[in-house]
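Listed below are the residues making up each chain.
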Amino acid sequence: DGGITQSPKYLFRKEGQNVTLSCEQNLNHDAMYWYRQDPGQGLRLIYYSQIVNDFQKGDIAEGYSVSREKKESFPLTVTSAQKNPTAFYLCASTPPVEGTDTQYFGPGTRLTVL
Amino acid sequence: SQQGEEDPQALSIQEGENATMNCSYKTSINNLQWYRQNSGRGLVHLILIRSNEREKHSGRLRVTLDTSKKSSSLLITASRAADTASYFCATVSDSSYKLIFGSGTRLLVRP
C-alpha cells in the first residue's frame, strides 16, 4: 500500500448523510485519484487532481465532491445526491516522473449505506 | 468507461501450474499495465508494457502485447497459493494519462 493512507477502513452512513473519506500520501506525488469499485467489477474513476487547487471530474463524478488544498491530501465527500454509494473506494497517486503512469494505491475504504 | 476486458473472469488452477490471463482493449494506447488486488485491499502495480514493446518479464511474470489485435496476456509461471488474487489490466491512451481498468480475472491457486 506504499505511503498512501485511507481512513476509515470501514464507514457506515445513513441515507441522506454526507460523509468524507480521507486520503493522505507522503510520497510527494503530484497527481491523485479517486476510484469506486463495485463487487466483482473493475475500478471507475470518480475525480482526479494533477496539482494542488485543481481537480477534474472522472467518469462517475455525480454525487461526489473533492478538494485539493494540500499536495498530500485529497479528501472525497460522498453526498446525499449519490443514489447508490455502497462500494469500495480507492485512492491512488502518481509520481512526478515524466513517462510514468504507474499508480500507487491506498488500502481502500468500504462504505456501506444503512 | 471500461476499455480493458479480461478473460477469463475466473480461473482455478493447481499450485505449480501456469496461469494465463488475457486482456482486450478498444482504442490505441500509450501503455498497458497489470495490477493485482488481494481481497478487500488496494491494487498493487505488477508490470507496465509500452505500445512499442512486445514482451516483458518480471520474475515469474511474463506480459505480451499485440497492438494489432489490441490484446495483452499475463502469464504467471509456477503459480503459488499466495498468487491467489484478482488481476486487472489497465490502459493509458495516447490522448490521456488516465488509467482505464478492465473488470479483472479472479485467480484461485489451490495448494
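Criteria and thresholds
Residues numbered from 1 in each chain as written. Chains lettered and ligands numbered in written order. Predicted model: local features only at pLDDT ≥ 70, side-chain atom pairs only at ≥ 80, totals over all residues. Heavy atoms only, no water. Disulfide = S-S within 2.5 Å. Helix = DSSP H or I, 4+ residues; strand = E, 2+ residues; numbered from the N terminus. Buried < 20%, exposed > 50% of the residue type's maximum accessible area, 1.4 Å probe, protein only. Pairing = 2+ DSSP bridges. Axes fitted to C-alpha atoms, helices over the stretch in contact; angles between N-to-C directions. Contact = heavy atoms within 4.5 Å. Buried area = accessible area lost by both parts, 1.4 Å probe. Salt bridge = Lys/Arg side-chain N within 4 Å of Asp/Glu carboxyl O. Polar contact = N/O pair within 3.5 Å; in protein donor to acceptor, adjacent residues only side chain to side chain. Nonpolar A, V, L, I, M, F, W, Y, C, P; charged D, E, K, R; others polar.

In this section: the state of the cysteines. Counting across every chain of the model gives two disulfides over all chains. Each sulfur of the disulfide joining C23 of chain A and C91 of chain A lies 1.9 Å from the other. The sign of the -75° torsion about the S-S bond sets the C23 of chain A-C91 of chain A disulfide as left-handed. Of this pair, C23 of chain A sits in strand β3 (residues 19-25) while C91 of chain A is found in strand β9 (residues 87-94), placing the two residues 68 residues apart along the sequence. In terms of burial, C23 of chain A and C91 of chain A fall into one category: buried. Here C23 of chain B is linked by a disulfide to C89 of chain B, with a sulfur-sulfur distance of 2.0 Å. Disulfide C23 of chain B-C89 of chain B: torsion about the S-S bond near 65°, hence right-handed. Of this pair, C23 of chain B sits in strand β3 (residues 19-24) while C89 of chain B sits in strand β9 (residues 85-93), and the two are 66 residues apart along the sequence. In this pair, the class of C23 of chain B matches that of C89 of chain B, namely buried.

The next point concerns the sheet that holds strand β1 (residues 5-7) of chain B. Residue and element names in this part refer to chain B. What the five strands build is an open sheet, ordered β1-β3-β8-β7-β6; its pairing is antiparallel. Either end of the sheet is taken by a strand with one partner, and the two such strands are β1 and β6 (55-58). Mean inter-strand twist for the sheet, computed between neighbouring axes without regard to direction, equals 20°. One ladder, built from six bridges, connects β3 with strand β8 (residues 71-76); its direction is antiparallel. Paired with C23 across the two strands is S72, which belongs to β8.

The next thing to look at is the sheet that holds strand β8 (residues 76-78) of chain A. All names here are of chain A. The strand order across the open sheet formed by four strands is β1-β3-β8-β7, and the pairing between neighbours is antiparallel. A strand with exactly one partner marks an edge of an open sheet, and here the two such strands are β1 (4-7) and β7 (64-66). Taking each pair of neighbouring strands and ignoring which way they run, the sheet shows an average axis angle of 20°. Sheet topology note: the β3/β8 ladder contains three bridges and is antiparallel. Each residue of the ladder has a partner; that of L21, found in β8, is L76.

We now examine the interface of chain B and chain A. Across the boundary between the two partners, chain B contributes 22 residues, which contact 23 residues of chain A. For chain B, the biggest contributors to the area lost against chain A are L43, Y97 and K98 of chain B; these three give 29% of the whole. Taken together, the links from chain B to chain A amount to zero salt bridges. On inspection of chain B and its partner chain A, the count reaches two residue pairs in polar contact (both at pLDDT 80 or more). Counting residues per element, the ones that place at least two in the side of chain B that touches chain A are β4 (29-37), β5 (43-50), β9 and β10 (99-101) of chain B. Take the side of chain B that touches chain A: its biggest share by element is five residues, from β4 of chain B. Partitioning the side of chain B that touches chain A into residue classes produces eight nonpolar, 11 polar and three charged.

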